[in-house]
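# Reading the structure
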Amino acid sequence: MIKQNVSLKKYNSFNIDVKAKEFVEINSKEELIHIVNVIKNKKALFLGGGSNILFTKDFDGIVIHLNMKGIKYENSNSENTIVKANAGENWNKFVEFCLENNLGGIENLSLIPGNVGSAPVQNIGAYGVELKDVFLSCEVFNKDDLSTKEYNIKDCKFGYRSSIFKENKSLIILSVTLKLKNKNHNINSSYGGIKEELIKLNIKTPNIKDISNVVCNIRKRKLPDPEEIGNAGSFFKNPVVKKEKIDWINEKFNNIPFYKIDEENYKIPAAWLIEQAGLKGKEFNGFGIHKSQPLVLINYGDAKGHDIYKLSLTIKEIIFKIFKIELETEVNII
Ligand SMILES: Cc1cc2nc3c(=O)[nH]c(=O)nc-3n(C[C@H](O)[C@H](O)[C@H](O)COP(=O)(O)OP(=O)(O)OC[C@H]3O[C@@H](n4cnc5c(N)ncnc54)[C@H](O)[C@@H]3O)c2cc1C
């Protein structure tokens, strides 16, 4: 049923109080096809958990909340199990389901907010693992020609926090199929303090549940919980630069942290740039930059999305002035 004039406050993790002119919740593929036929060319926004979105104004169209549930085993052999989850499943609940069933590969992606259907959109990643590492395919509905097609890893054009779905908003992901490991899983504990945390807990041979617990502990310590304080995680992507840029910055600021991608390209933590610019923890009228993770912009209460957006532009300007680096926004601005 299409509702009119619906507040989106509980549908976005920034807790921005804007209204959608129309709003509908979708529980099956058939419902989705029906609604797309009904709305024809109306302006539409397909929404999952709302944890990677900043609403800057009321939405003058229809918000289609994708809530299709269901997880099922597709196939398995002695090494791998293929699991398919519908778009409206909560991502972390899906991770927990896999952990309970001893399926390895997404334990490092524990506690990322949002839904399964949005995971391919920005090729979610954390602690050395990206969705593409376990991705097999996804079922995609094209709202322009009403076709449904299975997209493989090549079709998705995954990159660092990017995919074809980030560019082409006519493509709606209905379900995601992953290839997970049954046993002898190559656990990735080399990233973001996992090793140190395992030593602290005296865990010498961690299993996938240990890794998940450790990742959850680190995330809870480092990141603000959107249930308590409005945010959408990292607001900016980590910039990728050439070696000359690293050397140039190092002349002014010592010990720039970086990660070598290949011979030419290096990734710098955007959080470090924002901290060096003296912006960490800056608070304005109800919104600001998080005090320990400067990559996260915060709504302390009743901030307007437009103010947070303006703050993001100011941060970009300052970073460009100091470092001659253009920060790219990770969050979807609506
Ligand atoms: C505290 C916090 C921590 C975070 N940590 C991480 C992290 O470690 N790594 C990471 O990668 N991200 C992280 N994020 C960002 C976010 O959780 C992910 O991007 C997540 O996948 C978004 O899912 P969602 O369902 O909330 O998407 P939404 O915000 O609902 O939508 C995001 C975009 O995807 C589109 N979309 C949604 N569903 C579909 C669909 N089925 N088909 C096509 N398009 C769709 C929307 O139109 C929108 O453009 C974090 C966010 C928060 C709040």
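Here is what the cut-offs are and how they apply
- Residues numbered from 1 in each chain as written.
- Predicted model: local features only at pLDDT ≥ 70, side-chain atom pairs only at ≥ 80, totals over all residues.
- Heavy atoms only, no water.
- Helix = DSSP H or I, 4+ residues; strand = E, 2+ residues; numbered from the N terminus.
- Rg over C-alpha atoms; globule rule 2.2 N^0.38 Å.
- Buried < 20%, exposed > 50% of the residue type's maximum accessible area, 1.4 Å probe, protein only.
- Areas by Shrake-Rupley, 256 points an atom, 1.4 Å probe, with all protein chains shown as cover.
- Lys, Arg positive; Asp, Glu negative; His and termini not counted.
- Charge placed at Lys NZ, Arg CZ, Asp CG, Glu CD.
- Domains from an automatic or database assignment.
- Contact = heavy atoms within 4.5 Å.
- Buried area = accessible area lost by both parts, 1.4 Å probe.
- Salt bridge = Lys/Arg side-chain N within 4 Å of Asp/Glu carboxyl O.
- Polar contact = N/O pair within 3.5 Å; in protein donor to acceptor, adjacent residues only side chain to side chain.
- Nonpolar A, V, L, I, M, F, W, Y, C, P; charged D, E, K, R; others polar.
- 1 Å grid on protein atoms, 1.4 Å probe; cavity = no way out; pocket = protein on both sides within 12 Å on 5 of 7 lines; lining within 4 Å.
- Points joined across faces, edges and corners; volume = space filled by probe spheres on them.
- Pairing = 2+ DSSP bridges.
- Axes fitted to C-alpha atoms, helices over the stretch in contact; angles between N-to-C directions.
- Core = buried A, V, L, I, M, F, W, Y, C linked by side-chain atoms within 4.5 Å.
- Arc of directions from axis to C-beta.
- Near = heavy atom within 4 Å.

## Focus: the overall build of the chain
When its secondary structure is counted, the chain shows 9 helices and 19 strands. Its C-alpha atoms give the chain a radius of gyration of 20 Å, near enough to 20 Å, the size a compact globule of 334 residues would have. Projected onto its principal axes, the C-alpha coordinates of the chain cover approximately 60 × 50 × 35 Å. Counting all 334 residues of the chain, 50% fall into the buried class. In the structure as shown, the chain presents an accessible area of about 16,800 Å², 47% of it carried by carbon and sulfur atoms. Each charge class in the chain can be summarised by its mean position, and for the 48 positive and 41 negative side chains these summaries are 1 Å apart.

## Re the domain arrangement of the chain
The extent of an interface is frequently quoted as the accessible surface area lost upon association of the parts. In terms of domain boundaries, the chain breaks down into domain 1 (3-66), domain 2 (71-222) and domain 3 (230-333). Taken together, the contact between domain 1 and domain 2 spans 11 residues of the former and 13 residues of the latter. Of the roughly 1,000 Å² buried between domain 1 and domain 2 on both sides combined, carbon and sulfur atoms contribute 69%. Area buried by domain 1 at its contact with domain 2 is led by K29, F46 and L66, which between them contribute 37% of it. Inspection of the domain 1/domain 2 interface yields 1 salt bridge. Close ionic contact of K29 with E139 constitutes a salt bridge, the shortest N to O distance being 3.0 Å. Between the two partners, domain 1 and domain 2, sit 2 residue pairs in polar contact (both at pLDDT 80 or more). Its residues assigned to classes, the side of domain 1 that touches domain 2 shows 5 nonpolar, 5 polar and 1 charged.

## Focus on the environment of A119
Within the secondary structure, A119 sits in the loop between α2 (91-100) and β8 (125-126). Since its relative accessible area comes to 2%, A119 is described here as buried. For A119, the residues in contact, after removing those within four places along its chain, are W91, I124 and L131.

## Brief notes about the layout of surface pockets
When its volume is computed, the second largest pocket comes out at roughly 170 Å³. For the second largest pocket, the lining is made up of 16 residues, of which G105, D133, V134, K181 and H185 are closest to its centre.

## Some thoughts on the sheet that holds strand β2 (residues 19-26)
Taken in spatial order, the 4 strands make up an open sheet running β1-β2-β5-β3, and their pairing is mixed. Each of the sheet's edge strands pairs with one partner strand only, and the pair in question is β1 (3-7) and β3 (44-47). Averaged over all pairs of adjacent strands, the angle between strand axes in this sheet comes to 40°, irrespective of strand direction.

## Side note on the pattern of salt bridges
For the coordinates displayed, the defined rule picks out 17 salt bridges. Here K9 ties to D302 by a salt bridge, and the two come within 4.0 Å at their closest N and O atoms. Within this pair, whereas K9 is found in the loop between β1 and β2, its partner D302 is found in the loop between β18 (296-299) and α9 (305-323), the two being separated by 293 residues in sequence. The class for D302 is exposed, based on a relative accessible area of 66%.

## Some words on the nonpolar core
Grouped together as the largest cluster of nonpolar side chains are 45 residues, with contacts concentrated most on I274, I308 and I315. Breaking this core down by element, the ones donating at least two residues are β2, β3, β4 (53-54), β5 (59-66), α7 (243-252), α8 (270-276), β17 (287-289) and α9. Split by domain, the residues of this core number at least three in each of domain 1 (3-66) and domain 3 (230-333). The contact partners of I315, leaving out residues within four places of it in the chain, are F236, I274, L279, I289, L297 and L327.

## Things to note about α2
Residues lying three or four places apart along an α-helix face the same way, a consequence of the helix completing one turn every 3.6 residues. Within α2, the full set of buried residues consists of W91, N92, F94, V95, C98 and L99. Axial view of α2: buried residues confined to an arc of 155°, hence all on one face. Exposed residues on α2 whose side chains face more than 90 degrees from its buried face are K93 and E100. Packed against the buried residues of α2 are β6 (71-76), β7 (80-86), β12 (171-181) and α6 (208-222). Where α2 begins, one side-chain oxygen reaches toward the backbone nitrogen of N92, 3.0 Å away; that side chain belongs to N90. Taken from the residues just after α2, N102 is the one with a positive phi, measuring 55°.

## Some remarks on the site of the ligand
Around the ligand lies a shell of 34 residues, among which F46, G48, G49, S51 and S118 are the nearest. Across the complex, the protein chains shield 95% of the 990 Å² of accessible surface that the ligand would expose by itself. Among the secondary structure elements, those contributing two or more residues to the shell around the ligand are β3, β8, β12 and β13 (230-234). Among the residues forming the shell around the ligand, the class breakdown is 16 nonpolar, 15 polar and 3 charged.

## Some thoughts on unusual backbone geometry
If you check the backbone angles, K40 has positive phi at about 50° while not being a glycine. Checked against the element boundaries, K40 lands in the loop between α1 (29-39) and β3. Backbone geometry places N102, a non-glycine residue, at a positive phi of 55°. As for its position among the elements, N102 is in the loop between α2 and β8. Residue class for N102 comes out partly exposed when judged on its relative accessible area of 48%.

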